[in-house]
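Architecture and fold: a report
Listed below are the residues making up each chain.
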Amino acid sequence: MYKLISNFAKNLSTQVPIYSYHFPNGSVYNNPAVTAKRIIKVVGERLRKIDPERWESTPITFNTNWNDAAGYVDVATCIHIHDALEKEFGIEIKDRAFLVSSIETAFYIVNIHHDSH
C-alpha cells in the first residue's frame, strides 16, 4: 500500500507544474525591474536560438517586438516565446487568449499569472 501511494505521489509531482522562479518580496509589483530583466534575458536567448541571423546583433529591450519585415506579427516566433515564458516562469499561458508579440506583452502576462496566485 505504501509503495502504491509513493508511486502515485511521484507521478503526480512530475505532472504538476512547478513554479521555478521565485519573486523576491512576493510580487512582480515589488520587483518590476528584476522581472523585466529576467524576461528580456529569456526572450533574448530564445530569439537568438531560433533566428541567430536576425537577433544576434540586435539588442533586446523592453520595447522589442518580433514583427516580420512587413510589420505583421510573426506567429511562429510568438509560439517560441510563449513556450520559453511557460518553462522559465512555470506558468500556463492560455493559447487562445494571448499572443506574446513583444517584451511588454510578456511582462504583462507574467505579471497577471503570478499575482493571481
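Cut-off values and rules
- Residues numbered from 1 in each chain as written.
- Predicted model: local features only at pLDDT ≥ 70, side-chain atom pairs only at ≥ 80, totals over all residues.
- Heavy atoms only, no water.
- Axes fitted to C-alpha atoms, helices over the stretch in contact; angles between N-to-C directions.
- Helix = DSSP H or I, 4+ residues; strand = E, 2+ residues; numbered from the N terminus.
- Parallel < 35°, antiparallel > 145°, perpendicular 65-115°, else oblique.
- Left-handed = near helix turned anticlockwise from the far one by under 90°.
- Contact = heavy atoms within 4.5 Å.
- Nonpolar A, V, L, I, M, F, W, Y, C, P; charged D, E, K, R; others polar.
- Salt bridge = Lys/Arg side-chain N within 4 Å of Asp/Glu carboxyl O.
- Buried < 20%, exposed > 50% of the residue type's maximum accessible area, 1.4 Å probe, protein only.

An unreviewed UniProt entry annotates the chain as Carrier domain-containing protein of Paramecium tetraurelia.

Packing of helix α2 (residues 32-50) against helix α4 (residues 75-89) brings their axes to within 10 Å, and their N-to-C directions diverge by 135°. The orientation of α2 relative to α4 falls into the category oblique. Crossing handedness for the pair α2 and α4: right-handed. Here Arg 38, Ile 39, Val 42, Val 43, Arg 46, Leu 47 and Ile 50 of α2 come into contact with α4, specifically with Thr 77, His 80, Ile 81, Asp 83, Ala 84, Leu 85, Lys 87, Glu 88 and Phe 89. Among the residues forming the contact of α2 with α4, the class breakdown is 9 nonpolar, 2 polar and 5 charged.

Side-chain pairs of opposite charge can arise whenever the charged atoms involved come near each other. This structure, assessed with the given rule, holds 4 salt bridges. Taking the shortest distance from any N to any O, the salt bridge between Glu 88 and Arg 38 comes out at 2.1 Å. Within this pair, whereas Glu 88 is found in helix α4, its partner Arg 38 is found in helix α2, the two being separated by 50 residues in sequence. The exposure class of Arg 38 is partly exposed, given its relative accessible area of 27%. Across the pair Arg 46 and Asp 83 runs a salt bridge whose closest N-O atoms are separated by 3.3 Å. Of this pair, Arg 46 sits in helix α2 while Asp 83 sits in helix α4; the two residues are 37 residues apart in sequence, bridging distant segments of the chain.

Tracing the backbone shows Gly 44 in helix α2. Linking Gly 44 and Trp 55, residues 11 residues apart in sequence, is a C-alpha distance of 7.9 Å.

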